[in-house]
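# A structural walkthrough
So the chains spell out like this:
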Amino acid sequence: MRGRLGRECLYVPSCRLGLYVALRHWCPPGGRVLMSPVNDDVILFVVLAAGLRPVMAPLDPLDASIDVAAVPESVWSGLSAVLTTNLYGNPDPAPELAARCRASGIPLLEDAAHAIGSTVGGRPVGTYGDAAVFSLSKHTGAGTGGFLAVRDAGLRTELAGARDALLHPVRAGAELAHAVRPYAEAAVRGLRLVRAARAGLRLLGKEERAGIRMPLRPGELRTALAGAPGLDPFHSWVRVDLHDYRLTPGRARLRRTRRLLGRLGATLAAHRTGTEKLLASRWAAPGAPVRPLFRVPLLVADRDAAVAALARARVTTGYLYDPPLDDYAGEPFVDPSPAPGPARWFARHALPADPLRADLVLEVLRASGTRPAPPRGG
Ligand SMILES: Cc1ncc(COP(=O)(O)O)c(C=O)c1O
């Protein structure tokens, strides 16, 4: 990854832990961070855990990238940092954001979890900010790991120390679970038991997300905020979907991750091919450039009906981020966007389609009569 990005890279057990390390390093507690409201809720809790106030950015309704021109001057003057999202691999306008951050004397931090193969302004996403964090759970499919890429290679030792201080010791049980998980999931899929497995988890009270967003638990969150900055008070929110997020990796886990990362070129090529097919369909935003996207945000009139039609064909739709984080968390916990309409529209209509299953997704959408999203305001 150092070769791909031309930047010093540091392994982290998850992107979320890398983001926490970066936010703690670059932002003073009590600071304010401009970020996208169409994002994984886990990231909201990472920002809160770092002792920072999330400030919701206005977005472009077609790809949920930050609309730089719509950020009011009054918002810029109070910021400590900007955190990009690069949703599904569509880049935020990093050249403009980097220039604006430089002018304001604040760091740009790039969440490149979805954007390992994307470029913007002729450079890879993750090479504009003071730091960028990637997830190896996404394109590479490792289900673990990530890395922090930094502009100043001289910070490596200090950041590695900050990371190590947050790690929990390697656990044999967790390593075994990680090793067998792909086989267990394949068996459940093979036996067509996905729905039954989910119902079982619900019965056991082990399902962390009954809906798209995890329960916010505002009373407990207020108590946790009194303990910020710190990961421990926020552990129950930050660990959702990845309980091993701060676990020291064992050797087998690293070996498997290295093997999957070694295939990155072929993986990205497959994502690009599928993206091209999906973008050629009637549900794609017009004129969207072809990239090796992690997911392709098709824009459909009735998102929930499309998700249900795909589920009947055993295609699970993940990475939905509806409602936007300002509607989810509210003013006690975030500064709302000055222009929430475009984010709401995108969150309601975006259907994140897996490019590796492009043919089946398109067949299901055609057969189910899925209609494209109406024009905004329609
Ligand atoms: C936009 C975004 N950033 C960061 C993360 C966290 O990545 P990880 O699961 O590696 O911690 C996710 C996880 O889905 C994500 O969607």
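What comes next is a walk through the structure. As the structure is a computational prediction, the values presented were derived from the model and not from experiment.

Lining the immediate surroundings of the ligand are 14 residues, of which R16, D111, H114, S135 and Y321 lie closest. Contact between the ligand and K138: an oxygen atom at 3.1 Å from a side-chain N or O atom of the residue. One of the side-chain nitrogen or oxygen atoms of Y321 is found 2.9 Å away from an oxygen atom of the ligand. With the chains in place, 96% of the 390 Å² that the ligand exposes on its own is no longer accessible. Within the shell around the ligand, the residues separate by chemical class into six nonpolar, four polar and four charged.

Looking now at the sheet that holds strand β9 (residues 146-150). Spatial ordering of the open sheet is given by β1-β9-β8-β5-β4-β2-β3, a layout of seven strands whose pairing is mixed. Lying at the two open borders of the sheet, with one neighbouring strand each, are β1 (8-12) and β3 (53-56). Across the sheet, the mean angle from the axis of one strand to that of its neighbour is 25°, orientation sign disregarded. Pairing between β1 and β9: five bridges, direction antiparallel. Pairing of V12 across the sheet is with G146, part of β9. On top of the sheet, helix α2 (residues 15-26) reaches β1, β2 (32-35), β4 (81-84), β5 (108-111), β8 (131-135) and β9; it is set at about 165° to β8, its chief contact.

So, about the nonpolar core. Membership of the largest hydrophobic core comes to 52 residues, with the highest contact counts inside it found for L23, W26, L44, F45 and L148. By size, the runner-up hydrophobic cluster in this structure holds 46 residues, among which are L5, W76, C101 and A112.

This part covers the side chain of S135. With respect to the helices and strands, the residue S135 is situated in strand β8. Assessed through its relative accessible area of 5%, S135 is described here as buried. A polar side-chain atom of S135 sits 3.1 Å from the main-chain amide nitrogen of S137. Polar contacts involving the side chain of S135 include one to the side chain of K138, which spans 3.3 Å. The contacts of S135, once residues within four sequence positions are left out, are C15, A113, T140, G145 and G146.

Moving on to helix α13 (residues 303-312). Here α13 has its buried residues at R303, A306, V307, A309 and L310. The buried residues of α13 all sit within an arc of 160° when viewed along its axis, so they share a single face. Facing away from the buried side of α13, by more than 90 degrees, are the exposed residues D304 and R312. Structurally, α13 contributes buried residues whose contacts are with α15 (341-349), β11 (350-353) and α16 (358-367). Capping the start of α13, D302 holds a side-chain oxygen 3.4 Å from the backbone nitrogen of D304, two or three residues further along.

Counting through the fold element by element, D359 comes out in helix α16. A relative accessible area of 48% places D359 in the partly exposed class. The sequence separation of D359 and E175 amounts to 184 residues, and the corresponding C-alpha distance is 35 Å.

In this section: a nonpolar patch on the surface. The grouping of L176, V180 and Y183 at the surface amounts to a nonpolar patch, some 360 Å² of accessible area in total. Structurally, the position occupied by L176 is in helix α7 (residues 172-190). Under the relative-accessibility criterion, L176 is labelled exposed at 56%.

Structurally, R291 is set in the loop between α12 (264-279) and β10 (296-299). Although buried, R291 forms no salt bridge, and the nearest oppositely charged side chain, D63, lies 6.1 Å from it. Those residues within four positions of R291 in sequence are excluded, and the remaining contacts are G89, N90, P91, S118, T119, H271, R272 and T275.

Strand residues, when the strand is regular, have side chains that alternate between the two faces of the sheet. Every second residue of β10 is oriented toward a common face, with V296 and L298 on one face and P297 and L299 on the other, all of them buried. Pairing of β10 with β11 involves four bridges; the strand directions are antiparallel. When the bridges of β11 are listed, L299 appears paired with A350.

The next subject is the state of the cysteines. Tallied over the entire structure, the rule returns zero disulfides. As a non-bridged cysteine, C9 has C15 as the owner of its nearest cysteine sulfur, 13 Å distant. Lacking any disulfide linkage, C101 is separated from the closest cysteine sulfur, that of C27, by 10 Å.

Time to look at the packing of aromatic side chains. By the definition in use, this model includes six aromatic pairs. Here F45 and Y328 contribute two aromatic rings whose centre-to-centre distance is 6.4 Å and whose plane-to-plane angle is 85°, an arrangement assigned as edge-to-face. Here the residue F45 occupies a position in helix α3 (residues 41-49), and Y328 occupies one in helix α14 (residues 325-329), the gap between them amounting to 283 residues. Across the pair, exposure class does not vary: F45 and Y328 are buried alike. Members of the aromatic cluster, connected to one another through ring pairs, are F45, F234, W237 and Y328. Directly above the ring of Y328 sits R213, whose terminal nitrogen or CZ lies 5.6 Å from the centroid. When the ring centre of F294 is taken as reference, the NZ or CZ atom of R295 above it lies at 4.4 Å.

What counts, and at which threshold
Residues numbered from 1 in each chain as written. Predicted model: local features only at pLDDT ≥ 70, side-chain atom pairs only at ≥ 80, totals over all residues. Heavy atoms only, no water. Near = heavy atom within 4 Å. Polar contact = N/O pair within 3.5 Å; in protein donor to acceptor, adjacent residues only side chain to side chain. Areas by Shrake-Rupley, 256 points an atom, 1.4 Å probe, with all protein chains shown as cover. Nonpolar A, V, L, I, M, F, W, Y, C, P; charged D, E, K, R; others polar. Pairing = 2+ DSSP bridges. Helix = DSSP H or I, 4+ residues; strand = E, 2+ residues; numbered from the N terminus. Axes fitted to C-alpha atoms, helices over the stretch in contact; angles between N-to-C directions. Contact = heavy atoms within 4.5 Å. Core = buried A, V, L, I, M, F, W, Y, C linked by side-chain atoms within 4.5 Å. Buried < 20%, exposed > 50% of the residue type's maximum accessible area, 1.4 Å probe, protein only. Arc of directions from axis to C-beta. Patch = residues over 30% accessible without salt bridge, like charges linked within 9 Å, V, L, I, M, F, W, Y side chains within 5 Å. Salt bridge = Lys/Arg side-chain N within 4 Å of Asp/Glu carboxyl O. Lys, Arg positive; Asp, Glu negative; His and termini not counted. Disulfide = S-S within 2.5 Å. Phe/Tyr/Trp six-rings, centres within 6.5 Å; stacked < 30°, edge-to-face > 60°. Lys NZ or Arg CZ within 6 Å of the ring centre and 35° of its normal.

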